[in-house]
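# Architecture and fold: a report
Residues per chain, in single letters:
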Amino acid sequence: MYDDPYQPRQGALASFLRLLSASFRVGRFFGVEVRIYWVTLIIMPLIVGPRFPGASVVETLTHTVVVVTLLYLIIYAHEMSHIVAGRRYKMHTPLITLSPLGGTAHMASPAPNPRAEAVVALAGPASHLIWLAIFAPLWFFVFETRWDFLRPEGWTMSPVWLAVYALYSFNLALMIFNLLPFFPMDGGRTLRAALAMRMHPNRATLIATQVGIVGAVLFICGGFAYAAFGGAYGGILVALGISNWLACVQERRVAKYSAGPYDAGASFDPWQADPDAWKHGANETKPASPGVLTRMRQKRDDRRR
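Everything in this summary refers to the structure shown in the same document. Just so it is clear, the structure is predicted and the values come from calculations on it, not from any experiment. (Residues numbered from 1 in each chain as written. Predicted model: local features only at pLDDT ≥ 70, side-chain atom pairs only at ≥ 80, totals over all residues. Heavy atoms only, no water.)

## Here we look at unusual backbone geometry
As a reminder, the rule being used: For every residue, the accessible area (1.4 Å probe, protein chains only) is compared with the maximum for its type, and the residue is labelled buried under 20%, exposed over 50%, or partly exposed between those bounds.
Of note, the bond from Phe-183 into Pro-184 is cis; its omega dihedral lies within 30 degrees of zero at 5°. In this model, Lys-90 sits at a positive phi of 60°, which is unusual for a non-glycine residue. A relative accessible area of 77% means that Lys-90 is categorised as exposed.

## Regarding the packing of helix 3 (residues 57-87) against helix 5 (residues 159-178)
Rule in force here: Note on definitions: angles span 0 to 180 degrees between N-to-C directions of axes, and those axes are lines fitted to C-alpha atoms, for helices only across the stretch in contact. Segments assigned H or I by DSSP are reported as helices when at least four residues long, segments assigned E as strands when at least two residues long, and all are numbered from the N terminus. By convention, the crossing between two helices is left-handed when the near helix turns anticlockwise from the far helix through less than a right angle, and right-handed when the turn is clockwise. Here, residues are in contact when the closest pair of their heavy atoms is within 4.5 Å. In this classification, the charged set is Asp, Glu, Lys and Arg, the nonpolar set is Ala, Val, Leu, Ile, Met, Phe, Trp, Tyr, Cys and Pro, and all remaining amino acids, among them Gly, are polar.
At a minimum axis distance of 10 Å, the contact between helix 3 and helix 5 shows a crossing angle of 40°. At the point where helix 3 passes helix 5, the crossing takes the right-handed sense. Of helix 5, the residues touching helix 3 (which contributes His-63, Val-66, Val-67, Leu-70, Leu-71, Ile-74, Ile-75 and His-78) are Pro-159, Leu-162, Ala-163, Ala-166, Leu-167, Phe-170, Asn-171, Leu-174 and Asn-178. The residue inventory of the contact of helix 3 with helix 5, partitioned by class, reads 13 nonpolar, four polar and no charged.

## Digging into the nonpolar core
Where we set the bar: Side-chain atoms within 4.5 Å are what join buried Ala, Val, Leu, Ile, Met, Phe, Trp, Tyr and Cys residues into a set we call a nonpolar core.
Ranked by internal contacts, the top residues of the largest apolar core, which has 38 residues, are Phe-52, Tyr-72, Ile-96 and Leu-98. Contributing elements (two or more residues each) for this core: strand 3 (32-37), helix 2 (38-48), helix 3, strand 4 (95-99), helix 4 (114-143) and helix 5. Sort the elements by how many residues they give to this core and helix 3 lands first, with 11 residues. Those residues in contact with Tyr-72 that sit more than four places away from it in its chain are Thr-40, Met-44, Leu-98, Ser-99, Pro-100 and Gly-102.

## Points about the pattern of salt bridges
Here is the rule we go by: Salt bridges are defined as contacts in which a side-chain nitrogen from Lys or Arg sits within 4 Å of a carboxyl oxygen from Asp or Glu.
Counting across every chain of the model gives five salt bridges. Notably, a salt bridge pairs Arg-192 with Glu-117, separated by 2.6 Å at the nearest N-O pair. Placement of the pair is Arg-192 in helix 6 (residues 186-196) and Glu-117 in helix 4, with a sequence separation of 75 residues. You'll find Arg-192 and Glu-117 in the same group, each marked buried. One salt-bridge network, in which partners are shared between bridges, spans Glu-117, Arg-189, Arg-192 and Glu-251.

## Describing the pairing of strand 5 (residues 102-106)
This is how it is decided: Here, any two strands with at least 2 DSSP bridges between them count as paired.
Burial within strand 5 is extensive, with five of its five residues counted as buried. With five bridges joining them, strand 4 and strand 5 adopt antiparallel strand pairing. Note on strand 5: the bridge partner recorded for Ser-99 is Gly-102.

## Considerations on the packing of helix 4 against helix 6
Basically, it comes down to this: Comment on the angle field: the value is read as roughly parallel under 35 degrees, roughly antiparallel over 145, roughly perpendicular from 65 to 115, and oblique elsewhere.
Orientation of helix 4 relative to helix 6, taken along the N-to-C sense of each, is 160°, at an axis distance of 8 Å. The pairing of helix 4 with helix 6 is recorded here as roughly antiparallel in orientation. Helix 4 and helix 6 meet at a crossing whose hand is left-handed. Contacts between helix 4 and helix 6 involve Pro-114, Glu-117, Ala-118, Ala-121, Leu-122, Gly-124 and Pro-125 from the first element and Asp-186, Arg-189, Thr-190, Arg-192, Ala-193 and Ala-196 from the second. Looking at the contact of helix 4 with helix 6 residue by residue, the classes come out as seven nonpolar, two polar and four charged.

Structure, rendered in structure tokens:
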């Protein structure tokens, strides 16, 4: 996942989010700072650790470190793929944050056009294909039935076996999950980009975010159902649904009162000239009347005086 610049949040929600977003610096790699939320170091071990029943304390700690480390290594590679694709379009990204909900590449500038957004969005899921090309054959032809490969005596499973399984299963699951057409996930951004090639980008945003809100509801309901049956990841799915819902609402608000999600330039003046254009869609082929734009600028200058 990656985000575009957004307006600062205010009020009680902002204070709560600041508490959750307390983070520490991991390092700076390839010109991008990487930070991880402290809450990640609490939540993820609590979720992963109980998945090894019958294991000793040392084995549980080892397996937990292996799984969590590999998971966030994969997520980091996913976010860096967005960044590398964005650099092709001169989209600067100064920061990656890692949280219990995954990772976010914080783009400092929007995509210049729908095609660029699609390329940047799909670069993340595409990164998993590289991992799968290596670890899927390794898993199916070497490790699937070899529980005892380099397994320490008395342990329930081999850390090497677990690592190969994690690298295979995580990449497959994350690739499929991120391709779901629910904004602001990669599939949802790709959906918006595809729609924006055929209609005004703001109208495309309204459609894509509506689909995203439906997806957020499904995540929330699915998370509660999963948690009710003892699923460890139910809470994360609920939190992800709420996060996606808020992102969609914010993006819809921006779409209603801005020129669009891309570096549109003067071609989007018709949208700017009609604040209610989002209700019926803007006609990109019909330029705005110079007189309308002139009057708008004159009113703006008068207010400044």
